[in-house]
Amino acid sequence: MRATLELIKTWTEALVPVCNHSQSHASQELKWLMQHAKQVALIQEQQLKATNASNIVAGQRGRGTLSPYEIELLQGYVDQRVKTRKPLQYILGTQPFMDLEILTRPPTLIPRWETEEWTARLATTLKNEPSLFSSANLSSRFNILDICSGSGCIPLGLASSLPPFSSHLFGADIHPKAVQLASDNEAKNRDLLNGNTVEFHQVDLLAPHAVDTFLSWTREKASSSSGALGYNLVISNPPYIAHEEYDTLEPEVSQWEDPKALLADEEGLVFYPRIAQMAMQLLSQKSSSSPSSSTGSSDSVSSLHEEGSSHIERQWKNGPEVDKVRIPELVFEIGGDHQVDCVRDAVREAGFSRVQVWKDLADRARCIVGAR
């Protein structure tokens, strides 16, 4: 027992420098690593039981102690965190996202809390608009396209929160490893998606026929079942970090996550005009979120409270915008306040008449939201 406590102390002290020099943060990371090591050891023990070799994995231990195999695992995990700065989520292999468990593998980007927050807000906004998922509208499903989908966390999170059998969601990414990971995440979480379909494809959004490719997916759904051509909502969390900012990133990011999924030319802004213009071609002319229903008061969520929703748990933060977007048709994640003006202008120039800023819990501009 004393030896285990001494190891825990040693590992915690080693983790402190890579945990923002926070003792409590390091202790929490070690707890997660210990849980993971025990799970791995248990799986190995079960696999070796038939060979009478389970003692090699589990070893002899008392309550509150670690087996030799668990110590070996934990030492390896701590070394990975400290010596190679491998992100905790890559070691654990998963990251919670809304009510889902998202698989994580390098170099595909790890889901961030900021993305989780606005995805939950978007799901709440859509669910609390009665016109979108009424029995009359469910004759054709709500089509959502996520461009630069990475791990697939955004469309999967939305699918798990939207009404049952109401939506088709499509994710697109240029990187084959990201598409494979997203597909694995769909398979892992399929039972939690409320019957909403989610599929992922490898596409270069800069390719000449990208719009036709995206539209072809809704045509296939429309021909095989009830469905509408085009999309009701386009979302994207594209690369938005400027090249000159790369050296300022933490090693967990710069040394492990795909630079192509992080960095963008033109000070991180190059993809926004292209995607905004594409969105205008992709949105269905019969979209439920038509101009007449896309307007109205939605500063914070006070209007939703007035509609008697029981799902709102807190007040969301908006930027200092005059426009109000009740039913989003385009949602961009951005890198912060410094990108607001350029992205907002790109969205307006593409033809979206109403544009709003959503802020995150840290009071930073996090999303540009548009409607026609």
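Numbering of residues starts from 1 in every chain and runs along the sequence as written. In view of the model being predicted, local features appear only for residues whose pLDDT reaches at least 70, and side-chain atom pairs are presented and counted only at 80 or more, with totals across whole chains, interfaces and linings using the full set of residues. With hydrogens and water set aside, each side-chain value is computed from the structure's full complement of heavy atoms.

Trainee: Just to check I follow, could you spell out the side chain of T12 for this structure?
Mentor: Mapped onto the secondary structure, T12 falls in helix α1 (residues 2-15). In this structure, T12 is in contact with Q23, A26, S27 and L30, ignoring residues within four places of it in sequence. Only runs of H or I of at least four residues qualify as helices and only runs of E of at least two qualify as strands under DSSP, and these elements are numbered from the N terminus. In what follows, residue pairs with any heavy atoms lying within 4.5 Å of each other are defined as contacts.

Trainee: I'm lost on the pattern of salt bridges in this one. Help?
Mentor: Any two side chains of opposite charge can pair if their charged atoms end up close together. Put simply, a salt bridge is a Lys or Arg side-chain nitrogen that is within 4 Å of an Asp or Glu carboxyl oxygen. Summed over the entire model, instances satisfying the criterion amount to 17 salt bridges. Note that E257 is salt-bridged to R112, the shortest N-O span being 2.6 Å. Of this pair, E257 sits in the loop between α10 (251-254) and α11 (259-262) while R112 sits in the loop between β2 (100-103) and α6 (113-127), placing them 145 residues apart in sequence. Each residue's exposure class comes from its accessible area (1.4 Å probe, protein chains only) as a fraction of the maximum for that residue type: buried when under 20%, exposed when over 50%, partly exposed otherwise. When its relative accessible area of 3% is taken as the criterion, E257 is described as buried. Across the pair E129 and R326 runs a salt bridge whose closest N-O atoms are separated by 3.0 Å. Of this pair, E129 sits in the loop between α6 and β3 (142-147) while R326 is found in the loop between β9 (317-318) and β10 (330-333), placing the two residues 197 residues apart along the sequence. Note on R326: relative accessible area 25%, which makes it partly exposed. The network of salt bridges with shared partners includes E29, R81, R85, E250 and E252.

Trainee: It is not clear to me how the packing of aromatic side chains should be interpreted in this structure. Could you clarify?
Mentor: Between two aromatic rings, the relevant description is the distance of the centres plus the angle of the planes. Here a Phe, Tyr or Trp ring, Trp counted by its six-membered ring, pairs with any other such ring whose centre lies within 6.5 Å, and the pair is stacked when the planes are under 30 degrees apart, edge-to-face when over 60, and tilted otherwise. Evaluated as defined, the whole model comprises six aromatic pairs. Aromatic pair F170 and W217: ring centres 6.1 Å apart, planes at 25°, arrangement stacked. With F170 in strand β4 (residues 167-173) and W217 in helix α9 (residues 210-224), the pair connects residues that are 47 residues apart, well separated along the chain. In this pair, the class of F170 matches that of W217, namely buried. Measuring from centroid to centroid gives 5.8 Å for F170 and Y231, while their planes differ by 90°, and the two rings are edge-to-face. Here F170 is found in strand β4, whereas its partner Y231 is found in the loop between α9 and β6 (233-236), with 61 residues between them in sequence. Just as F170 is buried, Y231 falls in that class too. In this structure an aromatic cluster arises from ring pairing among F170, F214, W217 and Y231.

Trainee: Got a minute to help me understand the packing of α6 against helix α7 (residues 153-161) in this structure?
Mentor: To get an axis, fit a line to the C-alpha atoms, keeping to the stretch in contact for a helix; angles then go from 0 to 180 degrees between the N-to-C directions. Two elements in contact, α6 and α7, have axes whose closest approach is 9 Å; the angle formed by their N-to-C orientations is 35°. Both α6 and α7 take part in a crossing whose hand is right-handed. Across the interface between the two elements, T115, W118, T119, L122, A123 and K127 of α6 pack against I154, L158 and S161 of α7. Residues are grouped as follows: Ala, Val, Leu, Ile, Met, Phe, Trp, Tyr, Cys and Pro are nonpolar; Asp, Glu, Lys and Arg are charged; all remaining types, including Gly, are polar. Residue composition of the contact of α6 with α7, grouped by class: five nonpolar, three polar and one charged. Crossings are assigned a handedness: left-handed for a near helix turned anticlockwise from the far helix by less than a right angle, right-handed for a clockwise turn.

Trainee: Is there a simple way to think about the pairing of β3 in this case?
Mentor: By the criterion of burial, β3 is predominantly enclosed, with six of the six residues buried. Alternating residues of β3 divide into F142, I144 and D146 and N143, L145 and I147, and every residue in both groups is buried. Bridging between β3 and β4 involves six bridges; their strand directions are parallel. From the neighbouring strand, I144 faces β4, where its bridge partner is L169. This β-α-β element, β3 to α7 to β4, shows right-handed connectivity. Paired strands, in this sense, are two strands between which DSSP finds at least two bridges. By definition, the crossover connecting two strands over a helix is right-handed if that path, from the first strand to the second, turns clockwise as seen with the strands pointing away from the viewer.

Trainee: What is the right way to read the nonpolar core from this model?
Mentor: One broad rule of soluble globular proteins: the nonpolar side chains tend to lie buried together. The set of buried Ala, Val, Leu, Ile, Met, Phe, Trp, Tyr and Cys residues whose side-chain atoms join them within 4.5 Å is what this entry labels a nonpolar core. Within the largest apolar cluster, 42 residues are counted, with the highest numbers of intra-cluster contacts made by F214, L282, F332 and I368. Looking at this core, the element that brings in the most residues is helix α13 (residues 271-282), giving seven residues.

Trainee: What should I look at first to understand the pairing of β4 in this one?
Mentor: A regular strand places its side chains so that they alternate between the two faces of the sheet. Counted residue by residue, β4 has seven buried out of seven residues, so it is predominantly covered. Burial along β4 is two-sided: the face carrying S167, L169, G171 and D173 and the face carrying H168, F170 and A172 are both buried. Both β4 and strand β5 (residues 197-202) contribute to a ladder of six bridges, which runs parallel. Counterpart to F170 in the pairing with β5 is E199. Crossover connection from β4 via helix α8 (residues 176-189) to parallel β5: handedness right-handed.

Trainee: Quick question: what am I supposed to make of the packing of helix α2 (residues 23-48) against helix α4 (residues 68-83) here?
Mentor: Geometrically, a packed helix pair is captured by the angle between its two axes and the distance between the axes. The geometry of α2 relative to α4 is characterised by a closest axis approach of 9 Å and an angle of 135° between their N-to-C directions. Comparing the axis directions of α2 and α4 gives the class oblique. Seen along the crossing, α2 lies across α4 with a hand that is right-handed. For the pair formed by α2 and α4, the contact residues are E29, L30, L33, M34, H36, A37, K38, V40, A41 and Q44 on the first element and Y69, E70, L73, L74, Y77, V78 and R81 on the second. Its residues placed into classes, the contact of α2 with α4 shows 11 nonpolar, two polar and four charged. To sort the angles, those under 35 degrees are grouped as roughly parallel, those over 145 as roughly antiparallel, those from 65 to 115 as roughly perpendicular, and the leftovers as oblique.

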